[in-house]
Amino acid sequence: MKFHIHTYGCQMNVRDSEAVEALLVAAGHEKAAHEGEAELVIVNSCTVRQKAEEKAIGKAGNLIAAKKLTGLMGCAVKRMGADVFKRLPKLDFAVGPRAFGLIPRIVEEGRFPRLELGDDLVPDCLAAHVEGGWQAFVTVLLGCDSRCSYCIVPDVRGHEYSRPAREVVAEVAALARRGVREVCLLGQSVLRYGVRNTAWDERDAPSPGGYTEAFPRLLEAIASIPGIERIRFTSAHPKGCTDELVRAYREFPQICRHLHLPVQSGSDRILAEMGRRYTREEYLAAVGKLRDFDPEFAVTTDVIVGYPGETEADFEATRSLMDEAGFDNAFVFKYSPRPGTRAAALADDVPVEEKERRDQVLLEDQERRGQERNDRLVGTKREVMVEGPSKRNKARLSGRDGGNRIVVWDEGAADVRPGSLVNVVIAEAHPQILVGERLPHCPTT
Ligand code: SAH
Ligand code: SF4
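What counts, and where the lines are drawn
One numbering rule holds for all chains: residues counted from 1, following each sequence as written. Chain A is the first chain written and ligand 1 is the first ligand written, with later ones labelled in order. Residue-level local features of this predicted model are given only where pLDDT is at least 70; pairs of side-chain atoms are given and counted only at 80 or more, and the full residue set underlies all totals for whole chains, interfaces and linings. Side-chain numbers here rest on the full set of heavy atoms in the structure, without hydrogens or water. For the purposes of this section, nonpolar cores are sets of buried Ala, Val, Leu, Ile, Met, Phe, Trp, Tyr and Cys residues that join through side-chain atoms within 4.5 Å. Working definition: with a 1.4 Å probe on protein chains only, accessible area under 20% of the residue-type maximum means buried, over 50% means exposed, and in between means partly exposed. Only DSSP runs of H or I covering at least 4 residues are called helices, and only runs of E covering at least 2 are called strands; the numbering of each starts at the N terminus. Contacts: residue pairs with any heavy atoms within 4.5 Å of one another. Expected helix span is given by 1.5 Å per residue-to-residue step, counting one fewer step than there are residues. Distances are taken per atom, and a residue is near a molecule or strand as soon as one of its heavy atoms is within 4 Å of it. For this classification, the nonpolar set comprises Ala, Val, Leu, Ile, Met, Phe, Trp, Tyr, Cys and Pro, the charged set comprises Asp, Glu, Lys and Arg, and every other residue, Gly included, is treated as polar. What marks off one domain from the next here is an automatic or database domain assignment. Buried area is calculated as the accessible area (1.4 Å probe) missing from two parts once they are joined, with the contributions of both summed. When a carboxyl oxygen of Asp or Glu is within 4 Å of a side-chain nitrogen of Lys or Arg, the pair counts as a salt bridge. Polar contact is the term for a pair of N or O atoms within 3.5 Å; when the atoms are in protein, one must be able to donate a hydrogen and the other to accept it, and sequence-neighboring residues count only if both atoms are side-chain atoms. Only centres within 6.5 Å qualify two rings of Phe, Tyr or Trp (six-membered ring in Trp) as a pair; their planes then separate them into stacked at under 30 degrees, edge-to-face at over 60, and tilted for everything else. Should the NZ of a Lys or the CZ of an Arg lie within 6 Å of a ring centre and within 35 degrees of the ring normal, that charge is described as sitting over the ring.

1. Some remarks on the nonpolar core
If you look at soluble globular proteins, the nonpolar side chains tend to sit buried side by side.
Next up, step 1: Membership of the largest hydrophobic core comes to 62 residues, with the highest contact counts inside it found for V183, L185, Y193, F215, L218 and F233.
Next up, step 2: With 7 residues, the top contributor of residues to this core is helix α8 (residues 214-223).
Next up, step 3: Apart from the residues within four sequence positions on either side, L218 is in contact with V140, A165, V168, V169, L185, Y193 and W200.
Next up, step 4: Ranked by size, the runner-up nonpolar core spans 23 residues in total, among them F3, I42, L102 and V107.

The following block contains the structure:
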């Protein structure tokens, strides 16, 4: 059957959709060239904010109206449970975020409607990858036990579970043999890898570098896999920014000098209410540690505006923290109450227009800050992994430096394949993009 998957939400969802694609292809189905051609369409949903959920449900509704065989997977399914069939009476099947491995069987059996919310993963479903490509996401930590007051993720993605290191290393080695050069390790709070359940056992060799913390030790193991030229991971928490993590950055140049370190707020009062387990000062100390190691270290973040009770003073504290941290990029979210979370019991008392204003102010601040941060890179040499033609100007190539900054340049006649590393010297800086000139390949550098 020809199928198409439509994905909303975070990288975790992108990864799960890719695994479903691989599983369906292995079961003899075929990826459609576009949605119109597909007989089966699966929507992978997000529920982190109400609007995100609405989009996925709306999309599934349109597909049902177009008489496609329609499945819904992901976080919104787990939140809604059987109610999903009240919203979408003609939906064919719905599977929760840990049950996606059942999709090939559900399609095969053809008994609809069907709902699967179980938390038991189908064996090996996490390791399924689509062939080809030079970049891959690898899930290392499932779920989350942090229970930040506003967040629905722990309810829908279940308890924190660290995959055994042996399994992760074998998966990355298999990807490397297929030509993957960059891996991004995924977890809601990925630096907690191996904290709750042990990821290492007696069959794993001791760390040659003497690492004792599970995540830096995993980085060490992955960095030694031939062919893996770049390692990224997301998302991080300041508590995980330890000396061993910095040591791993120093020892292994393959580990990209970029960390996505969601701060959420710059007000200690709000941080405590959110249950984030750090203060403004501790957060800034973590950023300082990374920038002491490398002043060009890229730090990006997530911020929530309009959390219940957020005053003008709290908001100004967030603004000043963002300046002090000197973020290279920031994603701003307007607070959205999620059913069953601790914050949902509080009055959502910041008016919509005020949330909108705070959002705009932070985005404007970030434009200016992004320009300033990028201006400092003019004249520097960046090592860039080629992605392909630039979206805006097809005559140019586009890629990312280790800091995850988008770099574009004129390639001329040379044949450069996606996934190869090139050197680009930066000539021009914009808030979200660097424009440069390709340096001739020099085998000795
Ligand atoms: N696990 C990641 C975050 C996952 S959710 C971490 O803790 O680092 C991605 C982002 O969505 C969060 O960082 C937060 O900024 C935002 N978010 C989560 N719940 C939200 C809510 N109820 N309203 C608005 N934004 C929210
Ligand atoms: Fe949500 Fe907090 Fe867990 Fe991130 S760490 S997924 S924000 S509960």
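And the narrative resumes.
2. Some words on helix α13 (residues 352-375)
Owing to its 3.6 residues per turn, the α-helix aligns residues three or four sequence positions apart on the same side.
Next up, step 1: A rise of 1.5 Å per residue sets the reference length of α13, with its 24 residues, at 34 Å; its end C-alpha atoms lie 35 Å apart and thus fit the reference within 8%.
Next up, step 2: Three or more residues of α13 are buried, namely E354, K355, R358, D359, V361, L362, D365, Q366, R369, G370, R373 and N374.
Next up, step 3: Where α13 is buried, its residues contact α11 (280-293), β13 (298-305), α12 (312-325), β14 (329-334), β18 (421-429) and β19 (433-438).

3. As for the site of ligand 2
Next up, step 1: Taken together, C144, S146, R147, C148, Y150, C151, V153, P154, Q188 and R276 make up all the residues around ligand 2.
Next up, step 2: For the shell around ligand 2, a count of residues per class yields 6 nonpolar, 2 polar and 2 charged.

4. Comments concerning the domain arrangement of the protein
Next up, step 1: Under the domain assignment used here, the protein contains domain 1 (2-116), domain 2 (135-375) and domain 3 (381-438).
Next up, step 2: In this structure, domain 2 and domain 3 have C-alpha centres spaced 26 Å apart.
Next up, step 3: With 19 residues of domain 2 in contact, the opposing surface of domain 3 contributes 21 residues.
Next up, step 4: For the pair domain 2 and domain 3, the two sides together bury roughly 1,500 Å², of which 39% comes from carbon and sulfur.
Next up, step 5: When the buried area of domain 2 at its contact with domain 3 is split by residue, R181, R230 and N374 rank highest and sum to 38% of it.
Next up, step 6: Between R382 and E296 there is a salt bridge, and its shortest N-O distance comes to 2.9 Å.
Next up, step 7: The interface formed by domain 2 and domain 3 includes 9 residue pairs in polar contact (both at pLDDT 80 or more).

5. What to know about the packing of aromatic side chains
Next up, step 1: Scanning all chains against the criterion turns up 9 aromatic pairs.
Next up, step 2: Between Y249 and F297, the aromatic rings sit 5.0 Å apart at their centres with planes inclined by 85°, giving edge-to-face as the arrangement. One end of the pair, Y249, is in helix α9 (residues 243-251); the other, F297, is in the loop between α11 and β13, with 48 residues separating them in the sequence.
Next up, step 3: What makes Y249 buried here is its relative accessible area of 1%.
Next up, step 4: By way of ring pairs, the aromatic residues Y193, F215, F233, Y249, F293 and F297 are connected into one cluster.
Next up, step 5: Over the face of the ring belonging to W200 we find R217, whose NZ or CZ atom lies 4.0 Å from the ring centre.
Next up, step 6: The ring of Y211 carries the charged tip of R247 above its face, separated from the ring centre by 4.1 Å.

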